[in-house]
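The residues making up each chain are set out below.
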Amino acid sequence: VKLNNVLDELSTVFGNSFQSRIDECVKQMSDILSHVKGTGNVPANARNTVTQDADNVLRPLMDFLDGNLTLFATVCEKTVLKRVLKELWRVVMNTMEKMIVLPPLTDQTDHMVREETRSLTPKQCAVMDLALDTIKQYFHAGGNGLKKTFLEKSPDLQSLRYALSLYTQTTDTLIKTFVQTQTTQGSGVDDPVGEVSVQIDLFTHPGTGEHKVTVKVVAANDLKWQTTGMFRPFVEVTMIGPHQSDKKRKFTTKSKSNNWAPKYNETFHFILGNEDGPDSYELQVCVKDYCFAREDRVLGIAVMQLRDIVDKGSCACWCPLGRRIHMDDTGLTILRILSQRTNDEVAREFVKLKSESRSTEEGS
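This structure is a prediction, so every number in the text was calculated from the model and none was measured. (Residues numbered from 1 in each chain as written. Predicted model: local features only at pLDDT ≥ 70, side-chain atom pairs only at ≥ 80, totals over all residues. Heavy atoms only, no water.)

Undergrad: Please explain the sheet that holds strand E3 (residues 233-240) as it appears in this structure.
TA: Pairing between sheet strands relies on hydrogen bonds along the backbone, with the strands arranged either parallel or antiparallel. Within the open sheet, the four strands sit side by side as E4-E3-E6-E7. Their pairing is antiparallel. Edge positions in the open sheet fall to strand E4 (250-252) and strand E7 (297-305), since each of these has one partner strand only. Between one strand axis and the next, the sheet turns through 20 degrees on average, direction left out of account. Bridge count between E3 and E4: three bridges; the pairing is antiparallel. (Pairing = 2+ DSSP bridges. Helix = DSSP H or I, 4+ residues; strand = E, 2+ residues; numbered from the N terminus. Axes fitted to C-alpha atoms, helices over the stretch in contact; angles between N-to-C directions.)

Structure, rendered in structure tokens:
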């Protein structure tokens, strides 16, 4: 057992020692992939061009692996070889996910998605799928390498495939996935910048199954905001979820002048339709400072998920306002993919909503 543990550790160290060289190979792969032209879904008669593209994309990695794996196969004892292969497989999969499928945002605090974050076209996704199959066969090595079940079930491959699959999904599906996976967007508000009192009531029509949501914005309180001019806080309420492109998604209250604990008492009605249940929707509440002739300033943001109130059917609460939205890698991936859909109004609006963060105060 001890020897096994030592071998495992050494294999990990050994696998990681190749990281920078694999980074270089994958970077070259990414460059070749970015030159694969054609956007639409791949017709059957173009499969051979995909095969050709996949071979081209794989060349840097295959050259590297060929040179090294032949050597490992001759000098390593079989149990050691398996360990080394497993580690190399892990490094290759993780690096491809990080550098090709989900290239990092340049600045995560800002959330704004930069131009150089390229998205993959459906054709490039097809090329990547084929390339993954080839790499899998390579590591299986006709039975001399890793077991097919190990490769297929490896979390590293599944994570990479999941990320790839998101590219081909509709905007509605991606937004629904975001709502259902990002359950702690407003969490960690240890240092709130104010709070908003809202009352939410959920109605489902017994005949049609259509869901309606009534939101009453009662008041805001303890707003932390310094400004040299007039302070005019108002509340913006947006419904986020699928099937909203033809419905009114956003309402705003009137602004109140120079009031850090304004009362609003305004009620808004959202229609969700009957295609999806309330657990696919969330409300984003944002307090802004109204500015004439320039963009309103963001003071703070809160997110309330309708799944939390389905059982009771209504809720009245004070929501702490945070400085920005919190999300995990899945959330960031969805944001990144939607940010490329510049002709899609719902996608544009969603990216803007989730990228907003507290503006800089005057005099701070």
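Read on, since the account is not over.
Undergrad: Help me understand the environment of proline 262 in this model?
TA: Among the structural elements, proline 262 can be located in the loop between E4 and strand E5 (263-273). Counting along the chain gives 40 residues from proline 262 to aspartate 222, while the straight-line C-alpha distance between them is 9.3 Å. When near neighbours in sequence (up to four residues on either side) are disregarded, proline 262 contacts Ala219, Ala220, Leu223, Pro233 and Lys256. (Contact = heavy atoms within 4.5 Å.)

Undergrad: Looking at this structure, how should I read the nonpolar core?
TA: The nonpolar side chains of soluble globular proteins are, as a tendency, buried together. Core analysis: the largest hydrophobic core is formed by 68 residues, its most contacted members being Met96, Ile135 and Phe139. When residues in this core are grouped by element, the largest group, eleven residues, is from helix H4 (residues 78-101). In terms of nonpolar packing, the next biggest core, distinct from the first, is built from 32 residues, Val217, Ala220, Met304 and Ile309 among them. (Core = buried A, V, L, I, M, F, W, Y, C linked by side-chain atoms within 4.5 Å. Buried < 20%, exposed > 50% of the residue type's maximum accessible area, 1.4 Å probe, protein only.)

Undergrad: Would you explain helix H8 (residues 171-181) in this entry?
TA: Given 3.6 residues per helical turn, the α-helix brings residues three or four places apart onto the same face. Within the span of H8, buried status applies to Thr171, Leu174, Ile175, Thr177, Phe178 and Val179. Among the structural elements, helix H7 (155-167), E3, strand E6 (282-289), E7, helix H9 (329-339) and helix H10 (345-355) are those in contact with the buried residues of H8.

Undergrad: How do you make sense of empty space enclosed by the protein when you look at a structure like this?
TA: Gaps left between atoms are located by rolling a probe of water-molecule size over the structure's atoms. On inspection of all chains with the given rule, the structure shows one cavity of 30 Å³ or more. Approximately 70 Å³ is the volume attributed to the largest cavity. Secondary-structure elements contributing two or more residues to the lining of the largest cavity are E3 and H10. Per element, the largest residue contribution to the lining of the largest cavity is four residues, and it comes from H10. Of the residues belonging to the lining of the largest cavity, the class tally is six nonpolar, three polar and two charged. (1 Å grid on protein atoms, 1.4 Å probe; cavity = no way out; pocket = protein on both sides within 12 Å on 5 of 7 lines; lining within 4 Å. Points joined across faces, edges and corners; volume = space filled by probe spheres on them. Nonpolar A, V, L, I, M, F, W, Y, C, P; charged D, E, K, R; others polar.)

Undergrad: What am I meant to see in the pattern of salt bridges here?
TA: Here the idea is simple: oppositely charged side chains can pair when their charged atoms come close. According to the stated counting rule, one finds 18 salt bridges in the structure shown. Lysine 247 serves as the salt-bridge partner of aspartate 246, at 3.5 Å between the closest nitrogen and oxygen. Between glutamate 349 and arginine 249 there is a salt bridge; the shortest N-O distance is 2.9 Å. Of the two residues, glutamate 349 sits in helix H10 while arginine 249 sits in the loop between E3 and E4, which places them 100 residues apart along the sequence. Arginine 249 gets classed as buried once you look at its relative accessible area, which sits at 9%. (Salt bridge = Lys/Arg side-chain N within 4 Å of Asp/Glu carboxyl O.)

Undergrad: Can you help me understand the pairing of E6 in this one?
TA: The two faces of the sheet receive side chains in turn, since in a regular strand these alternate between them. Among the eight residues of E6, eight are classified as buried, and the element is accordingly described as predominantly covered. Of the two faces of E6, the one holding Glu282, Gln284, Cys286 and Lys288 and the one holding Leu283, Val285, Val287 and Asp289 are both buried throughout. Relative to E6, E3 runs antiparallel, the two being bridged by eight bridges. When the sheet's bridge partners are listed, valine 235 is paired in E6 with valine 287. By the bridge criterion, eight bridges tie E6 to E7 in an arrangement that is antiparallel. Paired with aspartate 289 across the bridge in E7 is arginine 297.

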